[in-house]
Structure formats: C-alpha cells, structure tokens
Amino acid sequence: MKKIVSSLPLLSIWGTSMANALAITTFNILAPVHRSMPNQPDPDLNRRESERQEWWRPRAEGVAEYIAEKFASSDVILLQEWWFDESFTRIFDAAIGDAFERVAERRPGSVVGQHRDDGMCCLVRKQGLLELVKSDKVLTGPQRIAQIIQCRERLPNNGEGGRNVFIANSHLSFPGDKDPTINNERQKKEAGIILDALTNARNEWDKTSLSTESCLEIVCGDFNSNSCSPAAALVEDNNFVNCVSATANQLLTSVGGAVNIGTTHCDHLGNRVSVDHIFLRVAKRKDNNDGQRSSVKPERCSALALGYLDTQGTRILAVQRDKILISGSAVLSDHRPVTAKIEWPRLKKTDEKLSDMYINVTMPLDPLEPAWGIVQDDDRL
C-alpha cells in the first residue's frame, strides 16, 4: 500500500517554539471489558480481557507507562473507555498520579441507578498551563455520555483571573446499523447534544464570572466516523476548526484537497479508519445564546480554516498522531493517540476582524519537500 509521509515531525510549517504551546491529547485506551481476547481456542466464547488479571494487567501497565512517558508534556489528556476497576485505577495512579490530576465520569447502565464498568477520564498536568476546575457528564444516548470539563489558565504566582477552557471529551456511538443514514443521524444528534452541553457549561460560568476574557472551547475524542461525517460537519458548522484540517491546509495552501491525519483506529471488524478528532474555537462573552445553537451556518473566512482562531494570535500550531500498533495480540490499544498544540497568547484587544487581520496570508512550504509529501511503500499501516 502506498502511504504519504512528511519529513516534518509534526503537521506544522511554523518555526514557532512549541515550548509554551498548549498541548491537548485524545486517546481511546480500549477498556479491558470491551477487548475480546485474541487467539482463543473457541472464538464463539468471546472471552473478554477483563475476565482475568493476567490477561488485562500487562496491557494496562503498558498503557499507563506509555502515557506517563510519551505525554508527560501534555497539559490535558482526554481518555475514552476508562475502566473503573480499582486495581486498574491504582496502576494508572502509580504511573501518572504524581504528574496528573485525574477526574472520571462513569456511564449509566440499562437499569436506573446502576452503572457500566467504563466511562470517560480527564488527566490535567499538575505543572501544566491549566488547572482543573470541575467535571460533569451529559447523557448523549442510551448508556452513552460525554464528559464536560472546565479548566482554568494557571497564572504565575497564583494570580487570579486566568482564562477558562471548556472541553467535551466525546465518544460517539459505533455505526452498527446496516443503514448508514441511521448511523449518521444518530452520531449527528449526539454531537449536537455535546455542543449544547458545552455551551451551557460556558453560559453558567458567564453568569457568575466578572471576567471579560474570551475562553477556549475544545471538542475531542473518538467520533467513530471520519472528518467528513455529518457529526464532524455539525461541529465545524458551529465555528469549530478541525485541527488536522487546519494544519493540513497550512501545508497545502497551494495544492488544496481534503487531508486526514491517517489511520487512528482498527475496529473490531478489521477496518482501518480515521475517527479520533480535536476541534477548537474561541468563544467570546457576546457569543452567549442561552444554550441554543444557531440554525444558520456561519460564514467561515479563510484564516479560520487555516487555524487562526482569533485576532489575538490564537492558532493551531501542530497536530501529531502517534504511530503505535493498533492490531494484533500485542497492542496497547486499537486507537492511536492524537495531540494538538495551540498557541494561546495574552495580547492587547483589537477590533480587527479575523478576515481583515490575515487577509492575503501565505504559507511557505518546506523548500526541500514536495507539497504532496514523500510517497513510499508501507503495508504495515
């Protein structure tokens, strides 16, 4: 199979230092309760990894160590399929507890008052750019949730008045119906519920806050559908920017065309798909609408499509998909983590419009690399 790779380590052409960039990671870690054990003598039994500690523990320890080492500089890590087993939790706390604060939300069960074994988890780096304020959950469907997290900018010398970040840790339903229209509409409805919950969380904060600062909003996670799906389109219709699309547009402004980050998931049917996304937008105080999404699709300027989120210098710098094995018996997960890095400076206010500030902006390509990347054979992806 042909693949296109870049000689650049990140999907970014900017020379800007990444040292002070806000780093957001999303990663579906494949809960042991959902993993069917490979190479079973009787496949009809469908044994789950969670049934025996000797089955799930080695992988759990591997995932915890991998997160601790690979994403030690991420400010926020959003995990889907977090398992609420006490021994599982202790493994992660031992590996990352000193560096990250953890908050998790559990999925409801089919019976009122009962819960499923898994849910969503957010890790906030204790020495990072953000501090955890609170976490809540919203029901997006039968036994499905999204985690709504509020974080606040960590200011030097314990200063007050840090800007807020609202995050929706998302996991949309698997497209299991034979009719793709039903699958698309279900996921789109779930995405709409998530957007409304995120806006409601910001509006509740607005009612009690004296701050006039804009805030950053993030929708990320496992969409179980690609960047062209109705669910992803709905998010973008609400003025969010797909980080992968923005950085790809930076690289390919003279070429054009839709670009995905590549395979991020190998599902239980063996399909290799790109389903893990990070969307961003800057929300101003005047954007409040009492939790109601506009039915009118906003006009998007070219600067926004290139990852410029406002006129204050907020922009998407880079996106990286970590290249781990996602199939076979030795995987850490059947998903690959995706990390976005965002420049979010504190600058003086300006009345300039986004389209005015970045009009005629051009993006130089790497002179040593063709715009379409380097083509090479690789059947392992």
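Residues numbered from 1 in each chain as written. Predicted model: local features only at pLDDT ≥ 70, side-chain atom pairs only at ≥ 80, totals over all residues. Heavy atoms only, no water.

Chemist: How would you explain the packing of helix α3 (residues 180-208) against helix α4 (residues 230-237) if you had to name every residue and give the values?
Modeler: Two numbers describe how α3 lies on α4: the axes approach to 7 Å, and their chain directions differ by 30°. The orientation of α3 relative to α4 falls into the category roughly parallel. In the crossing of α3 with α4, the sense of the turn from one axis to the other is right-handed. Taken together, the residues of α4 that come into contact with α3 (itself represented by Asn184, Gln187, Lys188, Ala191, Gly192 and Leu195) are Pro230, Ala231, Leu234 and Val235. (Axes fitted to C-alpha atoms, helices over the stretch in contact; angles between N-to-C directions. Helix = DSSP H or I, 4+ residues; strand = E, 2+ residues; numbered from the N terminus. Parallel < 35°, antiparallel > 145°, perpendicular 65-115°, else oblique. Left-handed = near helix turned anticlockwise from the far one by under 90°. Contact = heavy atoms within 4.5 Å.)

Chemist: Any details on empty space enclosed by the protein? Residues and values, ideally.
Modeler: Here the structure, examined in full by the defined rule, presents 1 cavity of 30 Å³ or more. If you go around the largest cavity, the residues you meet are Ile29, Leu30, Pro32, Arg59, Ala60, Val63, Phe88 and Phe92. Looking at which element gives the most residues to the lining of the largest cavity, the answer is helix α1 (residues 53-70), with 3 residues. For the lining of the largest cavity, the per-class residue count stands at 7 nonpolar, no polar and 1 charged. (1 Å grid on protein atoms, 1.4 Å probe; cavity = no way out; pocket = protein on both sides within 12 Å on 5 of 7 lines; lining within 4 Å. Points joined across faces, edges and corners; volume = space filled by probe spheres on them. Nonpolar A, V, L, I, M, F, W, Y, C, P; charged D, E, K, R; others polar.)

Chemist: Can you break down the confidence of the model for the protein residue by residue, with the values?
Modeler: Averaged over all residues, the pLDDT of the protein is 82; the fraction at 70 or higher stands at 75%. For residues 253-259, every residue scores under 50 in pLDDT, and the model assigns this stretch 7 contacts once sequence neighbours within four places are set aside. Segment residues 356-381 is flagged for pLDDT under 50; beyond a separation of four residues in sequence, or across chains, it makes 53 contacts in the model. (pLDDT = per-residue confidence, 0-100.)

Chemist: Kindly report on α4, identifying the contributing residues and their values.
Modeler: For α4, every residue scored as buried is listed here: Ala231, Ala232, Leu234, Val235 and Glu236. Along its buried surface, α4 packs onto α3, β9 (215-222), β10 (241-242) and β13 (276-283). Count one or two residues on from α4 and you reach Asn239, which has phi positive near 70°. (Buried < 20%, exposed > 50% of the residue type's maximum accessible area, 1.4 Å probe, protein only.)

Chemist: For the sheet that holds strand β14 (residues 315-321), give the residues involved together with the corresponding values.
Modeler: Sheet strands pair by backbone hydrogen bonding; their relative direction is either parallel or antiparallel. One open sheet accounts for 6 strands, arranged β4-β5-β3-β2-β15-β14; its pairing is mixed. Across the chains shown, the open sheet's two edge strands, defined by having one partner strand only, are β4 (100-108) and β14. Taken over all neighbouring pairs, the strand axes of this sheet differ in orientation by 20° on average, direction set aside. Packed onto the sheet, helix α2 (residues 86-96) meets β3 (76-83), β4 and β5 (115-125) and runs at close to 160° relative to β3. (Pairing = 2+ DSSP bridges.)

Chemist: Describe the packing of aromatic side chains, listing the residues and the values that go with them.
Modeler: Note on aromatic pairs: each is described by the distance of the centres and the angle between the planes. A complete count under the given rule lists 10 aromatic pairs for this structure. Ring geometry for Trp56 and Trp83: centres 5.1 Å apart, planes at 85°, overall edge-to-face. With Trp56 in helix α1 and Trp83 in strand β3, this pair connects stretches of sequence that are 27 residues apart. The burial state of Trp56 is the same as that of Trp83; both residues are buried. An aromatic cluster is present here, built from Trp56, Trp82, Trp83, Phe88 and Phe92 joined pairwise through their rings. Note that Arg163 overlies the ring of Trp344, its terminal NZ or CZ placed 3.9 Å from the centroid. (Phe/Tyr/Trp six-rings, centres within 6.5 Å; stacked < 30°, edge-to-face > 60°. Lys NZ or Arg CZ within 6 Å of the ring centre and 35° of its normal.)

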